[in-house]
Number of protein chains: 2
Amino acid sequence: MCCMSQRAPLSSAGSRRKRSKGDLTSQAILDTAERLLETKSLDEIAVDELTSGAGISRSTFYFHFESREAVLYALSERVSEGLYESAAMWLRRGSEPPADSIRRAIAATVALWRQHGPVLRAAVRARDTNSMMRDFWADVAHRFIDSTAQQIEIERAAGVAVPGPPNARMLANVLISMNESACYNMSLGRKSAARDRELVETLTSVWLRSVYGASD
Amino acid sequence: MCCMSQRAPLSSAGSRRKRSKGDLTSQAILDTAERLLETKSLDEIAVDELTSGAGISRSTFYFHFESREAVLYALSERVSEGLYESAAMWLRRGSEPPADSIRRAIAATVALWRQHGPVLRAAVRARDTNSMMRDFWADVAHRFIDSTAQQIEIERAAGVAVPGPPNARMLANVLISMNESACYNMSLGRKSAARDRELVETLTSVWLRSVYGASD
DNA sequence: CTTCTGAGTCGACACGGTGTCGATTACTTT
DNA sequence: AAAGTAATCGACACCGTGTCGACTCAGAAG
């Protein structure tokens, strides 16, 4: 039912030694996948493209991963930690003004999408055909929306944010959706620091006006 | 290069008579496709599912359509007109307050996604693997963003909307992205009039606060 | 009424990708 | 050096695609 990369750890950090050849080829498959995702979608990538890139035969692939999707799952996990970090930036802000912490969090998200756009795009796309990826994103979204909604309610209770409606949870939901789809689209275009900065400013502005009612 | 449903008209309105059998089967394929999209994604649908649903053999499919994607394109065109209508609602508002025209436009969009969610979702998904669909959406997005940005600038010039930054075009872009992805997600869930209404209110609120700075 | 034409249909085929299995080889461990 | 487990491979059966040439059949032309 559940299934993940089936070869549980494949840790790079952690255990000393025991770089047991298998880990090396798993790693090679992952690297090849990440490289290929820069030019093709996941289901345009054939298994033998993954394995020939790693110097092994096609059938050996199935020793390391259950499916193409399992590879994507493993790649996504490498990246998702970064997502959580950037999300945490808004929360637990000190006496810093909201504008700064929100801008920092959004800038971090945009940067992450710039860096791992292909993987994140593939992960998003796989969400509605693959149950493993659906669960993965459901978990990510749950944490994001929960903590954002909670933060909105705190700010409202403190009289800093404008009160509802809209309901805090749904507001959090649409704002996070907005960020995701804006980042998705951004990562499709050619890299441009100026446009990225403008995107960060635009998203920040929408967040500030929607939650606090002010443009800082 | 370009290619569409290859059998150009397949019009239902227009020509009297000449319901030339071929049009009937094309239509049957389209109907079957729309029905199947309610439960599967486009590339999970095999050609013989489409044709057996229409009572013909698999190979006959290729007489009527060039590919599965061409079927989706034909389906999308049936729906896109509705999109344009709802977009036009904000523009050319009379003396009506912005809150009302924006709410009406968003409500129409949400309703359209409720009605044709499966097709629209498939069309969105096909966007980044199929060039025909990419061009189709590029055209839709272009019209939407252009006219929205233009409207924002008009309202700013009139002193009704808060001035930039953010740049009107990019603001339009992220707001429209937000609407699309919110509708996409909404159409995945079970139909609920209450939730739909709440979504409309939330999106409207974000638009109003982002563009006009007020919740009306 | 026949004949011709082309729109519409079909079965057969070659191709390419998937996933599995049993056999084989390469490392470790004692 | 022997034993066992980790990793690899080729072969195979399966499934979906797209193409091709042959067939059918309705309606226009004679």
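Shown above is the structure to which this text applies.
Since the model is a prediction, treat every value here as computed from it, not as a measurement.

Trainee: Go over the protein's contact with DNA strand C with me, naming the residues and quoting the values.
Mentor: Close to DNA strand C lie 18 residues; R58 and Y62 of chain A together with S57, S59 and H64 of chain B are nearest. Backbone polar atom of V47 of chain A to a phosphate oxygen of DNA strand C: 3.4 Å apart, as the coordinates give it. At 2.8 Å, a side-chain N or O of Y62 of chain A approaches a phosphate oxygen of DNA strand C. Here the surface near DNA strand C is composed, by residue class, of five nonpolar, eight polar and five charged.

Trainee: Hey, could you go over the relation of the copies chain A and chain B for me, with residue numbers and the actual values?
Mentor: If you rotate chain A by 180° and push it 0.0 Å along the axis, it lands on chain B with an RMSD of 0.1 Å. Seen this way, the second copy is the image of the first under a two-fold rotation axis. For chain A, the residue whose C-alpha comes nearest the rotation axis is M178 of chain A, separated from it by 2.1 Å. Here 97% of the contact residues of chain A are again contact residues in chain B; the copies associate through an equivalent surface.

Trainee: Quick one: what's the story with the packing of helix α7 (residues 168-188) of chain A against helix α7 (residues 168-188) of chain B, residue by residue and with numbers?
Mentor: Look at α7 of chain A against α7 of chain B: their axes get within 8 Å of each other, and the N-to-C directions meet at 110°. Put simply, α7 of chain A runs roughly perpendicular to α7 of chain B. α7 of chain A and α7 of chain B meet at a crossing whose hand is right-handed. Contact residues: α7 of chain A offers V174, S177, M178, S181, A182 and N185 of chain A, while α7 of chain B offers V174, S177, M178, S181, A182 and N185 of chain B.

Trainee: Describe the protein's contact with DNA strand D, and please don't skip the residues or the numbers.
Mentor: Lining the immediate surroundings of DNA strand D are 16 residues, of which S20, S57, S59 and H64 of chain A together with R58 of chain B lie closest. The side chain of H64 of chain A places a nitrogen or oxygen atom 2.5 Å from a phosphate oxygen of DNA strand D. R58 of chain B is positioned such that a nitrogen or oxygen atom in its side chain is 2.5 Å from a base oxygen of DNA strand D. Taken together, the residues of the surface near DNA strand D break down into five nonpolar, eight polar and three charged.

Trainee: Residues and numbers for the environment of M133 of chain B, please.
Mentor: Residue and element names in this part refer to chain B. Inspection of the secondary structure puts M133 in helix α6 (residues 131-157). What makes M133 buried here is its relative accessible area of 0%. Among all residues touching M133, those that are not within four sequence positions of it are E69, L72, Y73, S76, A123, A126 and R127.

About the criteria used
Residues numbered from 1 in each chain as written. Chains lettered and ligands numbered in written order. Predicted model: local features only at pLDDT ≥ 70, side-chain atom pairs only at ≥ 80, totals over all residues. Heavy atoms only, no water. Near = heavy atom within 4 Å. Polar contact = N/O pair within 3.5 Å; in protein donor to acceptor, adjacent residues only side chain to side chain. Nonpolar A, V, L, I, M, F, W, Y, C, P; charged D, E, K, R; others polar. Least-squares fit on C-alpha atoms with pLDDT ≥ 70 in both. Contact = heavy atoms within 4.5 Å. Axes fitted to C-alpha atoms, helices over the stretch in contact; angles between N-to-C directions. Helix = DSSP H or I, 4+ residues; strand = E, 2+ residues; numbered from the N terminus. Parallel < 35°, antiparallel > 145°, perpendicular 65-115°, else oblique. Left-handed = near helix turned anticlockwise from the far one by under 90°. Buried < 20%, exposed > 50% of the residue type's maximum accessible area, 1.4 Å probe, protein only.

These figures come from the coordinates and say nothing about function on their own.
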